[in-house]
Amino acid sequence: LVSLIGSIGALAVMTVISVVIGQLFHAVPPGLSQGLPLDDIAAVLAFAFFGFKTLKEASEIDNSGDGKSGIDEEFAEAEEAVEGSRTIKEVTAWG
C-alpha cells in the first residue's frame, strides 16, 4: 500500500512539474525566443544528455573474465538480502 501511494504521489508531482515547465516555455515572448521552439530544443537536449549518460554507465559495468558482470553481482547481493530478510521468512506465507 505504501509503495502504491508513493508511486501515485510521484506521478502526480512529476505531472505538475511537467505542466509548469511546459507553461513556462510557452510563456516566453516570441521576440525573446526569436521564433525558436525552446521547449523542443530543451527536450532534445535532455533526451540526448540522459541517453548518453545511460550508455556511458552501461559501458562502465565491469565485465571481468570470471563470467560475472556487474549485473550478476547486483543480483547476488539482492538474493542475499532476500535470504536474510525476516519479513520474507516469518511474516509472509511464503516463508
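Here the structure is a predicted model, which means the values were calculated and not measured. (Residues numbered from 1 in each chain as written. Predicted model: local features only at pLDDT ≥ 70, side-chain atom pairs only at ≥ 80, totals over all residues. Heavy atoms only, no water.)

A. Structural detail: the overall build of the protein chain. Of the regular secondary structure elements, the protein chain holds five helices and zero strands. Taken from N to C terminus, the helices and strands of the protein chain fall in the order α-α-α-α-α. Taking all 95 residues of the protein chain together, the buried fraction comes to 4%. Surface exposure of the protein chain reaches about 8200 Å², of which carbon and sulfur atoms provide 68%. (Helix = DSSP H or I, 4+ residues; strand = E, 2+ residues; numbered from the N terminus. Buried < 20%, exposed > 50% of the residue type's maximum accessible area, 1.4 Å probe, protein only. Areas by Shrake-Rupley, 256 points an atom, 1.4 Å probe, with all protein chains shown as cover.)

B. Quick peek at a nonpolar patch on the surface. Among the surface-exposed residues, Val13, Met14, Ile17, Ile21, Phe25, Leu36, Leu38, Ile41 and Leu45 lie close enough to one another that they form a single nonpolar patch of about 780 Å² accessible area. Among the elements of the structure, α1 (2–26) and α3 (38–59) are those that each provide at least two residues to the nonpolar patch. Residue position: phenylalanine 25 is located in helix α1. (Patch = residues over 30% accessible without salt bridge, like charges linked within 9 Å, V, L, I, M, F, W, Y side chains within 5 Å. Salt bridge = Lys/Arg side-chain N within 4 Å of Asp/Glu carboxyl O.)

C. Structural view of the packing of aromatic side chains. Using the criterion set out here, one finds one aromatic pair in the structure. Ring centres 5.0 Å apart and planes at 75° place the aromatic pair phenylalanine 49 and phenylalanine 50 in the edge-to-face group. On the basis of relative accessibility, which here comes to 49%, the residue phenylalanine 50 falls in the partly exposed class. (Phe/Tyr/Trp six-rings, centres within 6.5 Å; stacked < 30°, edge-to-face > 60°.)

D. How the structure looks around the confidence of the model for the protein chain. Of all residues in the protein chain, 80% attain a pLDDT of 70 or more, and the chain-wide mean is 82. Taken element by element, the protein chain is modelled with least confidence in helix α5 (residues 86–91), mean pLDDT 62, and with most confidence in α1, mean pLDDT 93. (pLDDT = per-residue confidence, 0-100.)

E. The environment of isoleucine 61, seen in detail. Among the structural elements, isoleucine 61 can be located in the loop between α3 and α4 (70–83). For isoleucine 61, a relative accessible area of 33% gives the class partly exposed. For the pair isoleucine 61 and isoleucine 71, spaced 10 residues apart in the sequence, the C-alpha separation amounts to 7.9 Å.

F. How the structure looks around a negative patch on the surface. Together, Asp72, Glu73, Glu74, Glu77, Glu79, Glu80 and Glu83 make up a negatively charged patch on the protein surface. Turning to its location among the elements, glutamate 74 is positioned in helix α4. The exposed category is assigned to glutamate 74, whose relative accessible area is 53%. (Lys, Arg positive; Asp, Glu negative; His and termini not counted. Charge placed at Lys NZ, Arg CZ, Asp CG, Glu CD.)

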